[in-house]
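So the chains spell out like this:
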Amino acid sequence: MLRPRPASRIPLPLLHLVTILVALLALVTGELHAAPYLFPATPDGEPGQVRDERAVAPFLAAWKAAGLQRARMLAAPATANQQAYDVHYYDLDLTPNPATAVLTGTVRMKASVVSGPLTTVELDFYANLTVDAVTSGGVAATSSRSGNVLTVNLDKDYATGELLDVVVAYHGSPGVSGYFGFNTTPPNNRTLIWSLSEPFGARSWWPCKDAPEDKADSVDIRVTVPTGMITASNGTRVEATDNGTVAVTRWRERYPIATYLVSLASYPYTVTTDHYRYSPTDSMPIQFFNFPESVAGAAAVQAKVKDMIAAYADVFGEYPFIAEKYGHAQFLFGGGMEHQTCTGLGVFIEYVVAHELAHQWWGDLVTCRDFHHIWVNEGFATYCEALWAEAVSGAAAYHEDLGFNKYFGPGTIYVPDLSDENRIFDSNLSYDKVSWVLHMLRRVLGDPVFFAALRQFYVQYGYSTATTEDFRDVCEAVSGRNLHAFFQQWIYGEYYPHYVSSWTSAAAADGYDVTLRLDQVQSWQLFNMPLDVTVTTAAGEQAFVIADSLAMQTFTLHVDAAPTAVAVDRDDWVLKILESPVVDPPLDRHVLLVNGVDWASYGTEITSAYTDHAFSGGYAFDFWDNFATPPGGYPAVLPAPLGHGAVPPEVMGRYRVVIWVGNDYNGDLASWQSSPVLSYLRAGGNVLLMSRYGDRFLGDLLRDYLGVNLAAGTTLYDCVATRPGLGAIARLGTQDYCAVFDTVRTRTDTQLLYKVVSNYAPNRGIGFIRQPVEGGAHRPDGGRFIFLSGRPYRWNHADLAANVESMLLNYFGEYAAPVAVDGPPAPPARLELALARPNPFDASTALRFSLPRAGAVRVEVLDPQGRRVRRLLSGPLDAGPHDVTWNGRDEQGNRVAMGIYWVRIETGAEAATRKVVRMR
Ligand SMILES: [Zn+2]
């Protein structure tokens with residue numbers, strides 16, 4: 001099952017509602033097929049449009065989670081009695097009456113006893129349905145109910161190997177369970193009857209042994225509905241009549257099928273057909289059951305289905321139900337459901353269609369044995385989206401598709417706890433990260449072995465069920481390699497490797513030796529992974545594969561000519577963070593402001609913040625953009641960006657201060673993670689990060705650096721300053737999805753700057769600074785890191801600007817350079833000298849002065865007796881504003897004593913003096 005990816009962080013319940021509304025709206029407008037698929041704006045304030053139709057996992061996962069939420073009340077493992085028999089066949093004869101929303105049915109089950117003798121048979125059967133009659137072996141039998149289990153008293157004792165033949169006649173209202181429904185659809189008030197049983201909903205509309213590990217060998221489904229309705233279901237249609245009163249359809253599934261894949265959909269469908277030709281002389285029908293108003297819009301995508309089948313058959317093995325059909329039955333859910341041979345589909349999005357089709361192999365042919373191993377269904381289908389992209393558009397499209405699926409958070413792919421439905425269908429873990437596991441496995445094994453392993457998985461576990469270990473064993477058998485570590489670290493372990501790479505080279509015999517150092521700096525598990533290394537030399541590129549497994553490891557790579565660049569995993573085959581350290585940073589420029597808010601999505605909400613200088617106050621800055629140039633160009637106040645995407649180490653290392661405006665929407669988090677923030681801090685750079693989702697921006701290592709502990713929270717109602725020089729910051733809008741922290745810090749050189757006092761007890765910290773006592777490697781008063789939680793663009797712009805100015809001045813010791821608004825400011829009429837900031841000061845203080853005309857200038861620090869302590873500046877300067885900083889040291893570099901000092905400036909005949917006080 002699958003759904004398109006909207007704003008990736010919409011909470012699941014909202015997403016359900018939104019999607020249902022959209023589906024209904026689409027029906028009203030007849031535009032269910034409209035592409036791109038639109039979501040209305042959510043309470044989150046996120047933009048409504050799906051950014052890319054390939055990014056569908058969160059959307060699909062939410063639907064399944066919703067299903068499982070309903071199912072939890074029903075779920076129960078197969079009983080001991082059920083484990084004593086093996087189902088061969090179900091015959092469903094159903095009459096759903098849309099006028100009364102009552103389903104009347106007769107279901108026959110044939111099964112063999114595997115552990116006799118049996119005197120009773122237990123069937124899963126939702127308590128809301130009423131049993132009318134039961135037979136066993138063709139004679140009337142009695143039965144009893146307990147909860148959602150129906151116990152049939154057999155007509156005799158059945159020994160091991162004997163065949164049971166049980167029939168249950170019943171009626172009732174299945175709709176209350178949420179797995180089977182009667183809907184009236186606008187615009188024509190037509191009736192839709194539908195089912196969607198995954199994972200445990202089959203029992204809510206027909207009695208069965210509702211456990212995926214016991215697939216029936218075949219199923220017949222006969223459905224009687226009012227005239228004019230057309231019924232779609234599994235397998236082959238063997239009967240279809242309409243006598244003007246009722247329409248009767250019989251479908252016959254002759255391949256093994258799990259109960260949750262048995263389905264029906266009845267509607268006055270328009271049926272269109274196509275064919276998949278699997279040999280020069282043979283073809284299989286493809287049948288699309290669409291709402292009439294959707295036919296035209298769906299046509300383009302549905303025309304691709306035969307090519308999709310061919311593409312997957314080529315890679316995995318023939319379409320598993322080749323003697324029957326494939327098809328779609330349109331329903332109202334906003335995604336799809338991989339009903340065997342007959343996908344239920346609510347949106348005609350190419351990558352949803354591809355995902356659901358891929359489930360015919362992975363999910364329907366091979367089914368996860370239980371939901372601990374749901375990744376065998378969903379992760380495979382998600383990976384298949386990338387394979388379809390590759391089949392259509394080649395390797396670049398494959399990599400681009402996977403690029404949408406990177407997940408860097410916690411949690412194992414193996415689902416440890418089945419009581420949490422959102423955890424089972426977690427789009428990050430069960431869908432997206434798995435696609436990367438298969439992607440990595442492909443690189444580890446190489447294409448021929450990888451695809452051979454998938455084909456063997458098909459052969460060995462087709463029409464059956466499988467676990468993680470079953471798949472691992474197949475891969476090991478096919479490859480002849482031990483893959484325990486690979487599956488252990490990626491399926492049962494959490495997170496990803498965080499590499500820091502650096503290299504040197506030296507001339508060696510016949511060329512050069514490159515010494516590549518790789519550190520795994522994460523605090524969680526170490527990873528054992530092969531990595532591609534590409535060394536660029538004057539003579540071309542040379543490729544290597546290294547086997548990295550240690551916290552610190554060096555590799556010597558011999559190349560033929562002088563190396564100019566070394567790239568690790570350039571083609572992105574490993575889910576990782578790779579940091580190139582900031583090396584010998586000059587830190588000689590002022591402020592770099594990095595934008596991480598998507599222009600197209602946030603519009604004036606973000607542009608107005610820049611126009612108001614909310615993130616920079618009076619500081620001039622250079623500019624970097626995580627995103628591409630906005631269609632309408634940049635706000636006039638922004639200088640042209642130096643670059644886009646992640647900030648490279650050589651750029652970051654130039655600046656003394658980096659102000660980062662984060663958001664985690666549409667890819668900026670990846671830019672943050674790919675920029676050498678930690679390395680820059682350690683080298684002596686100062687960073688001010690302002691963002692929501694602080695839990696994601698402050699990964700394990702940065703949280704430790706900053707010295708904070710996460711606490712539970714999401715919405716901020718206020719922002720109260722806790723230190724002098726800072727002020728309260730008002731909100732402009734909803735500050736949701738924001739991290740909060742313990743006010744108690746884990747480091748003694750970390751200070752609390754801001755807290756929330758509304759709605760949190762105890763109060764929580766939302767702003768912190770660490771001023772490491774040891775400073776940074778290249779700057780004794782550097783390495784300072786401020787984090788301010790909250791969407792930066794939803795803080796009052798003027799409040800934020802004033803606080804940013806204060807943070808940079810008082811905590812980073814950074815003096816504001818003049819901002820040129822309309823050309824350079826006119827020189828003052830006479831010499832001006834501003835007050836020192838901060839004042840009093842400990843580490844350093846700064847002053848701005850402005851010259852009426854160019855000329856020689858001298859700035860000195862004097863003690864109260866008028867003796868010169870330090871000359872700060874002496875030489876010619878241009879007219880206009882200038883800054884000067886005093887680090888509290890004398891000419892010999894010693895810290896001056898605490899007390900009063902004077903800063904005196906002289907130029908021409910003019911002079912000015914300001915008092916400064918050094919104290920701790
Ligand atoms: Zn799926």
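As shown above, the structure is provided for reference.
Residues numbered from 1 in each chain as written. Predicted model: local features only at pLDDT ≥ 70, side-chain atom pairs only at ≥ 80, totals over all residues. Heavy atoms only, no water.

A word on the pattern of salt bridges
Then comes step 1: Following the criterion strictly, the structure yields 43 salt bridges and no others.
Then comes step 2: As a salt-bridge pair, Asp569 and Lys576 come within 2.8 Å of each other at their nearest N and O atoms. The same class applies to Asp569 and to Lys576, which are both buried.
Then comes step 3: In this structure, a network of salt bridges that share partners links the residues Asp91, Asp220, Glu239, Arg250, Arg252 and Arg254. (Salt bridge = Lys/Arg side-chain N within 4 Å of Asp/Glu carboxyl O. Buried < 20%, exposed > 50% of the residue type's maximum accessible area, 1.4 Å probe, protein only.)

Thoughts on the pairing of strand β45 (residues 899-907)
Then comes step 1: Inspection of the sheet shows strand β42 (residues 855-862) paired to β45 by six bridges, in the antiparallel sense. Counterpart to Val859 in the pairing with β45 is Ile905.
Then comes step 2: Two strands pair when backbone bridges link them, and β45 and strand β46 (residues 910-918) are joined in this way by nine bridges, in the antiparallel orientation. Each bridged residue has a counterpart across the sheet, and for Arg904 the counterpart in β46 is Thr913. (Pairing = 2+ DSSP bridges. Helix = DSSP H or I, 4+ residues; strand = E, 2+ residues; numbered from the N terminus.)

Some remarks on the sheet that holds β42
Then comes step 1: Ordered in space as β43-β42-β45-β46, the four strands form an open sheet in which the pairing is antiparallel. Each edge of the open sheet carries a strand with a single partner, namely β43 (868-877) and β46. Across the sheet, the axes of successive neighbouring strands diverge by a mean angle of 15°, strand direction being ignored. (Axes fitted to C-alpha atoms, helices over the stretch in contact; angles between N-to-C directions.)

Digging into the nonpolar core
Soluble globular proteins tend to bury their nonpolar side chains together.
Then comes step 1: One finds Ile309, Tyr312, Tyr319, Trp361, Trp362, Phe457 and Phe471 to be the most contacted residues of the largest nonpolar core, which totals 100 residues.
Then comes step 2: If we ignore the near neighbours within four places in the chain, the residues touching Trp362 are Phe316, Val376, Asn377, Phe380, Cys384, Leu454, Phe457 and Tyr458.
Then comes step 3: The next biggest cluster of nonpolar side chains, apart from the first, holds 69 residues, and it includes Ile606, Leu833, Val861 and Val869. (Core = buried A, V, L, I, M, F, W, Y, C linked by side-chain atoms within 4.5 Å. Contact = heavy atoms within 4.5 Å.)

So, the packing of aromatic side chains
Then comes step 1: In the structure shown here, the tally under the stated rule is 59 aromatic pairs.
Then comes step 2: Look at Trp375 and Phe380: their rings are 5.9 Å apart centre to centre, the planes differ by 35°, and that puts the pair in the tilted class.
Then comes step 3: For Trp375, a relative accessible area of 0% gives the class buried.
Then comes step 4: Under the relative-accessibility criterion, Phe380 is labelled buried at 2%.
Then comes step 5: An angle of 80° between the planes, with centres 5.0 Å apart, marks the rings of Trp660 and Trp672 as edge-to-face. (Phe/Tyr/Trp six-rings, centres within 6.5 Å; stacked < 30°, edge-to-face > 60°.)

Considering the sheet that holds strand β4 (residues 129-136)
Then comes step 1: Reading across from one edge, β5-β4-β8-β2-β1-β11-β14-β13 is the order of the eight strands in this open sheet, with mixed pairing throughout. Whereas interior strands pair on both sides, the edge strands pair on one side only; in this sheet they are β5 (139-140) and β13 (236-242).
Then comes step 2: Note: β4 against strand β8 (residues 163-172), seven bridges, orientation antiparallel. Directly across from Leu129, in β8, lies its bridge partner Gly172.

Nothing here speaks to function; it is geometry throughout.
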